[in-house]
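So you can see what is in the structure, the chains are spelled out below.
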Amino acid sequence: MKWTQEFRDGSLAQGLAEALAAEADPDRRYAFMEFCGGHTHALYEHGLLDLLPGNLRMVHGPGCPVCVLPIGRLEQAIDLAKRPGVTLCAYGDVLRVPASKGRSLQSARAEGAEVRMITSALEAVALARQQPEREVVLFAIGFETTTPPTALAVEQAAGEGLANFSVLCNHVLTPAAMRRILAGTEGAGTREVAIDGLVGPGHVSTVIGTQPYETFARDFGCPVAVAGFEPLDLLQAILMLLRQVNAGRAAVELQYGRAVRPEGNRTALDLMARVFALRDRFEWRGLGEVPQSALTLAEAYAGFDAERRFDLPEAQVQDNPACICGDVLRGAADPPDCKLFASACTPDRPLGSCMVSPEGACAAHYAYRRFDARREAAAP
Amino acid sequence: MCLAVPGLIVAKSGDTGTVSFDGVRQDCSLALVPEAEAGDYVIVHVGFALSRLDPDEAERTLALLREAAGETGAGARP
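Residues numbered from 1 in each chain as written. Chains lettered and ligands numbered in written order. Predicted model: local features only at pLDDT ≥ 70, side-chain atom pairs only at ≥ 80, totals over all residues.

### Concerning the overall build of chain B
And step 1. In terms of regular secondary structure, chain B is built from one helix and five strands.
And step 2. Secondary structure elements of chain B occur, N-terminal to C-terminal, as β-β-β-β-β-α.
And step 3. Taking all contacts inside chain B whose residues are at least 6 apart in sequence as the whole, residues at least 24 apart take part in 29%. (Helix = DSSP H or I, 4+ residues; strand = E, 2+ residues; numbered from the N terminus. Contact = placed C-beta atoms within 7 Å.)

Here you go:
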């Protein structure tokens, strides 16, 4: 068992596609949202969208932390990185995200700012240990998968008494964003996104379990299937949702049982509860202000909070007016609906955040399907 | 960002494990999965194992997959 090849079998995928085609009710339409950007990427990469019945549409969700980070928060990180004596540590996918005036963490580094790309939060702690004369700041972004590592880094720094380590915390919470999408976003001009089912994020769920999704089945009548990331995982989860819809049921089902326990990871959840506190509200790109949707450091660890240690103005920065990343993130628009898509905005020179991370819906569409529309237009 | 990959723990020392990803070895933190031991497969994300993989559950999922795909069991295919 290698844990991946078994779940990539082509003939089984064909069988699942046939089951989907046979069981899809031709008299109705299905719209399922895959919340997680990793799922979006897998759907495109493996060509799964072509295996789905014509009346079943996948709506791409906001589960891409780089994409939902408001530009204002990124500006804070860039400003911090440019201060003398500060080393800013960040995961690689955030370095290229465009802020205002063409700035990014990458361009700040080119101008001499000390920006370090890390692959583990503990590398930032190690750097703080090695460079006691510098202020080492971890630019922490991500959902519940990336949060426990940040918590562990903070506890370790506290244990070692590393006074020069701090965290610029932008960790966000999956269930709050799901609730916002199902409850609808406020604001004029937003197209209502009708979702018949949710493909739940498998790796987030290894931490939080399946219980937090129960409210979506119970209170919103929305079926949920927590899925793995291989092609058969996704097809099976979609079939589970389709069967629930056809039967008029709404429940939380677990497709990714090999990695997810219904109760989640107790060690990780306890750690998060010790180190973090809930923010009253947080701005999400595309979703606007979402109540109780993000974390900050708990009082006990306030000394490690970069927002308290440094005077960081909260900048409100508008997106490029032509960019529709906000609509794409809510599932209200598809990437080719954007005038900038594949013209002014490409993965090499992204204007919007959805084009930056490979998990962003625009980057995935660009990589795998950007010629589709032309092909359809050329068809007789 | 939530990209996580399965790997095999080949050695464990305290909270740290040497994890093999199809032969590529890397040190990862096992602090979040204290129950994991050498010989276990874990899901690793940004240098941290998040979950121990359960072979029985994997077999159960594969059996359900085969059933849904119209195959009657493991013996149905040549």
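Resuming the write-up.
### Overview of the overall build of chain A
And step 1. The secondary structure content of chain A amounts to 16 helices and 13 strands.
And step 2. Computed over C-alpha atoms, the radius of gyration of chain A comes to 21 Å, within 12% of the 21 Å expected from 2.2 N^0.38 for 380 residues, which places it in the range of a compact globule.
And step 3. Counting only C-alpha atoms and orienting by the principal axes, one finds that chain A spans roughly 65 × 45 × 45 Å.
And step 4. Across the 380 residues in chain A, those meeting the buried criterion constitute 55%.
And step 5. Long-range contacts, defined as pairs at least 24 residues apart, comprise 76% of the intrachain contacts of chain A with a sequence gap of at least 6. (Rg over C-alpha atoms; globule rule 2.2 N^0.38 Å. Buried ≥ 20, exposed ≤ 12 C-beta atoms within 10 Å, placed from the backbone.)

### Focus on the domain arrangement of chain A
Residues and elements named next belong to chain A.
And step 1. What the domain assignment lists for chain A is domain 1 (67–172 + 294–309) and domain 2 (325–369).
And step 2. The gap between the C-alpha centroids of domain 1 and domain 2 is 26 Å.
And step 3. Here the side of domain 1 that touches domain 2 is built from residues that sort into five nonpolar, no polar and two charged. (Domains from an automatic or database assignment. Nonpolar A, V, L, I, M, F, W, Y, C, P; charged D, E, K, R; others polar.)

### Here we look at the confidence of the model for chain A
And step 1. When pLDDT is averaged along chain A, the result is 92, and 96% of the positions lie at 70 or above.
And step 2. Scored below 50 in pLDDT, residues 187–191 of chain A shows five contacts in the model against residues more than four places distant or in partner chains. (pLDDT = per-residue confidence, 0-100.)

### A closer look at the sheet that holds strand 3 (residues 86–91) of chain A
Residue and element names in this part refer to chain A.
And step 1. If you walk across this open sheet you meet the four strands as 4-3-5-6, and the pairing is parallel. The two strands at the open ends of the sheet, each matched to only one other strand, are strand 4 (114–118) and strand 6 (165–171). Pairwise comparison of adjacent strand axes, ignoring direction, gives a mean angle of 25° for this sheet.
And step 2. Taken together, the seven bridges between strand 5 (residues 135–142) and strand 6 define a ladder with parallel strand orientation. Bridge assignment links Val137 to a residue of strand 6, and that residue is Ser166.
And step 3. Packing against the sheet, helix 7 (residues 147–160) makes contact with strand 5 and strand 6, and its axis sits at approximately 160° to strand 6. (Pairing = 2+ DSSP bridges. Axes fitted to C-alpha atoms, helices over the stretch in contact; angles between N-to-C directions.)

### Things to note about the packing of helix 1 (residues 10–23) of chain A against helix 11 (residues 231–247) of chain A
Residue and element names in this part refer to chain A.
And step 1. Across the interface, helix 1 lies against helix 11 with an axial gap of 10 Å and an inter-helix angle of 15°. Taken as axis vectors, helix 1 and helix 11 run roughly parallel relative to one another. Between helix 1 and helix 11 lies a crossing whose hand is left-handed. Across the interface between the two elements, Leu12, Ala13, Leu16, Ala17, Ala19, Leu20 and Glu23 of helix 1 pack against Pro231, Leu232, Leu235, Gln236, Ile238, Leu239, Leu242, Arg243 and Asn246 of helix 11.
And step 2. Residues that form the contact of helix 1 with helix 11 fall into these classes: 12 nonpolar, two polar and two charged. (Parallel < 35°, antiparallel > 145°, perpendicular 65-115°, else oblique. Left-handed = near helix turned anticlockwise from the far one by under 90°.)

### Overview of unusual backbone geometry
And step 1. The backbone phi angle of Lys101 of chain A is positive, close to 55°, even though this residue is not glycine.
And step 2. Looking at where Lys101 of chain A falls in the secondary structure, it is placed in the loop between strand 3 and helix 5 (105–110).
And step 3. Positive phi, close to 35°, is recorded for Val46 of chain B, a residue that is not glycine.
And step 4. Within the fold, Val46 of chain B resides in the loop between strand 4 (41–45) and strand 5 (48–52).

### Here we look at the sheet that holds strand 8 (residues 224–227) of chain A
All names here are of chain A.
And step 1. Spatial ordering of the open sheet is given by 2-1-7-8-9, a layout of five strands whose pairing is parallel. Looking at which strands have only one partner, the edges of the open sheet turn out to be strand 2 (56–63) and strand 9 (252–254). Averaged over neighbouring strand pairs, the angle between their axes works out to 25° when direction is ignored.
And step 2. Summarising the sheet, strand 1 (residues 30–36) and strand 7 (residues 197–201) pair through three bridges and their orientation is parallel. When the bridges of strand 7 are listed, Met33 appears paired with Leu198.
And step 3. Contacts from helix 2 (residues 37–45) reach strand 1, strand 2, strand 7 and strand 8, with the element oriented near 120° to strand 1.

### Quick look at the interface of chain A and chain B
And step 1. With 46 residues of chain A at the contact, the number on the chain B side is 31 residues.
And step 2. Among the secondary structure elements, those contributing two or more residues to the side of chain A that touches chain B are helix 1, helix 2, helix 3 (65–68), helix 6 (121–130), helix 7, helix 9 (202–208), helix 11 and helix 12 (266–275) of chain A.
And step 3. Broken down by element, the side of chain A that touches chain B gets its largest block of residues, five residues, from helix 1 of chain A.
And step 4. For the side of chain A that touches chain B, the class distribution of residues is 24 nonpolar, 17 polar and five charged.

### Observations concerning the environment of Phe216 of chain A
Residue and element names in this part refer to chain A.
And step 1. Tracing the backbone through its elements, the reader meets Phe216 in helix 10 (residues 214–220).
And step 2. Judged by the 23 C-beta atoms lying within 10 Å of it, Phe216 is buried.
And step 3. Taking the C-alpha atoms as reference points, Phe216 and Ala333, separated by 117 residues in sequence, lie 23 Å from one another.
And step 4. Those residues in contact with Phe216 that lie beyond four places of it in its chain are Met178, Leu182, Leu198, Cys222 and Val224.

### With respect to helix 1 (residues 55–68) of chain B
And step 1. For helix 1 of chain B, built from 14 residues, the straight-helix expectation of 20 Å at 1.5 Å per residue is met to within 8% by its first-to-last C-alpha distance of 20 Å.
And step 2. Buried within helix 1 of chain B are the following residues: Ala58, Thr61, Leu65, Arg66 and Ala68 of chain B. Along the long axis of helix 1 of chain B, the arc covered by the buried residues comes to 160°, so they all point the same way.
And step 3. Its buried side turned inward, helix 1 of chain B meets helix 1 and helix 11 of chain A. (Expected span 1.5 Å × (residues − 1). Arc of directions from axis to C-beta.)

### Examining the pairing of strand 2 (residues 16–21) of chain B
Residues and elements named next belong to chain B.
And step 1. Here five bridges tie strand 1 (residues 5–13) to strand 2, and the two strands are oriented antiparallel to one another. When the sheet's bridge partners are listed, Ala11 is paired in strand 2 with Thr18.
And step 2. If you look at the hairpin formed by strand 1 and strand 2, you'll find two residues sitting between the two strands, and Gly14 has a positive phi there, around 60°.
And step 3. Of the pairings in the sheet, the one linking strand 2 to strand 3 (residues 24–29) comprises six bridges and is antiparallel in character. Note that in strand 3 the partner of Val19 across the bridge is Gln26.
And step 4. In this structure, the hairpin formed by strand 2 and strand 3 is closed by a connection of two residues, where Asp22 is found at a positive phi of approximately 50°.

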